[in-house]
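# Structure assessment
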Amino acid sequence: MNWDDTTDATPDTERLVGSVADGEDQAVEAALRPKDLGEFIGQEKVREQLDLVLRAARARGATADHVLLSGAPGLGKTTLSMIIAAEMGAPIRITSGPAIQHAGDLAAILSSLQEGEVLFLDEIHRMSRPAEEMLYMAMEDYRVDVIVGKGPGATAIPLELPPFTLVGATTRAGLLPPPLRDRFGFTAHMEFYEPAELERVIHRSANLLDVEIDPQGASEIASRSRGTPRIANRLLRRVRDYAQVKADGHITRDIAGVALGVYEVDGRGLDRLDRAVLEALIKLFGGGPVGLSTLAVAVGEERETVEEVAEPFLVREGLLARTPRGRVATPAAWAHLGLTPPQQTRGTSGQGDLFGA
């Protein structure tokens, strides 16, 4: 449905609830992607604003303004870039920031664009600085300077570009330098999805995949999907497999619950790694505070895996807090594991212990 392709291989690709797409996800997503804004589910404000931008550009007979899409992986940035191209009746070219390491790489791409073409640049914040500086002029003046030669004899040859639309996508908008960010005519932030929106995503995908699912089954999958359509579709495929092998192929609430239990995804969308972090924090360290490195050793994972893969969702769900003294389990985390927090646990910040209050 509404999600992106990501080419980077990270530990997140190995998790059923990971938001980064692997090869299987990318293949399925290509078949499930909506073709226009009318089919796109969720992101109501972004859809409305983008629709106005595209309609106005078509009415003027001009190319659309450059668009910057930010947000977590799996929310629909790649899909929206393809919809922009489709709505403008233009071809699209897809590349990524890590693939552009030299200004010459970008110059080769820009010089081969057709008039009105959409250039989708995923993870734009990871582009090299020389290429980034070349992009400034290309976006504003539709021109690049190609340097020929080296040293004192080097000369800059201006190369005119046809009007094009750049669609940049980033998961870390704060890393974009202001000069680049300011050159986008339209900027949108993609929000996490509400369960009702994910249910619509699941029903649409089930119909395209020829899977029978009732409303309660879709609700059960949506509640464990972390607000991300990509995860919802991945869970749907795994529940479909279970239903075909263990049941009659029809997905109900009970079937979905049992199937996701087999894959160790609990009612709040936490998987083995998430629960291991919370259990170590609570059972081994009394709820914290505890340092990140110590916590990582306790769960047998790398520090980066705990910090970048497990923690963001736990913090967003209010199950874990980052404090100056270390990681702290919140009362909600104790409750989720069916445990009672000790009497001295106060809030989530650890400030009471810090100042002796």
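This text goes with the structure placed above it.
Source: prediction; values computed, not measured.

The next thing to look at is the packing of helix H11 (residues 272-284) against helix H13 (residues 303-316). Two numbers describe how H11 lies on H13: the axes approach to 10 Å, and their chain directions differ by 90°. Judged by the angle between their axes, H11 and H13 are roughly perpendicular. Contact with H11, carried on its side by Leu 273, Asp 274, Val 277 and Leu 278, involves Thr 305, Val 306, Val 309, Ala 310 and Leu 314 of H13 and no other residues of that element. Taken together, the residues of the contact of H11 with H13 sort by class into seven nonpolar, one polar and one charged.

Glancing now at the sheet that holds strand S7 (residues 186-189). Pairing is parallel across the open sheet formed by five strands, whose spatial order is S2-S3-S6-S1-S7. Each having just a single partner strand, strand S2 (92-96) and S7 make up the two edges of the open sheet. Here the strands of the sheet are splayed against their neighbours by 15° on average, with no regard to which way each runs. Examined bridge by bridge, strand S3 (residues 118-122) and strand S6 (residues 165-170) share four bridges and lie parallel to one another. The residue of S6 that forms the bridge with Val 118 is Thr 165.

Moving on, we come to the pairing of strand S10 (residues 320-323). Residues in a regular strand point their side chains to alternate faces of the sheet. Here S10 pairs with strand S11 (residues 326-329) via four bridges, running antiparallel. Across the sheet, the residue bridging to Ala 321 is Val 328, located in S11. If you look at the hairpin formed by S10 and S11, you'll find two residues sitting between the two strands.

Parameters and conventions
- The numbering scheme is per chain: residues are counted from 1 as the chain's sequence reads.
- pLDDT decides what is reported in this predicted model: residues at 70 or higher carry local features, side-chain atom pairs at 80 or more are listed and counted, and totals for whole chains, interfaces and linings draw on all residues regardless.
- Just so you know, side-chain values use all the structure's heavy atoms and leave hydrogens and water out.
- Lines fitted to C-alpha atoms define the axes here, with helix axes fitted over just the stretch in contact, and angles between the N-to-C directions of these axes take values from 0 to 180 degrees.
- Helix numbers and strand numbers start at the N terminus; a helix is a DSSP run of H or I with at least 4 residues, a strand a run of E with at least 2.
- Oblique is the label for every angle not falling under 35 degrees (roughly parallel), over 145 degrees (roughly antiparallel), or within 65 to 115 degrees (roughly perpendicular).
- Contacts are residue-level and defined by heavy atoms, with any inter-residue pair within 4.5 Å sufficient.
- By the convention adopted, Pro, Cys, Tyr, Trp, Phe, Met, Ile, Leu, Val and Ala count as nonpolar, Lys, Arg, Asp and Glu as charged, and the other residues, Gly among them, as polar.
- Note on pairing: DSSP must find at least two bridges between two strands before they are called paired.

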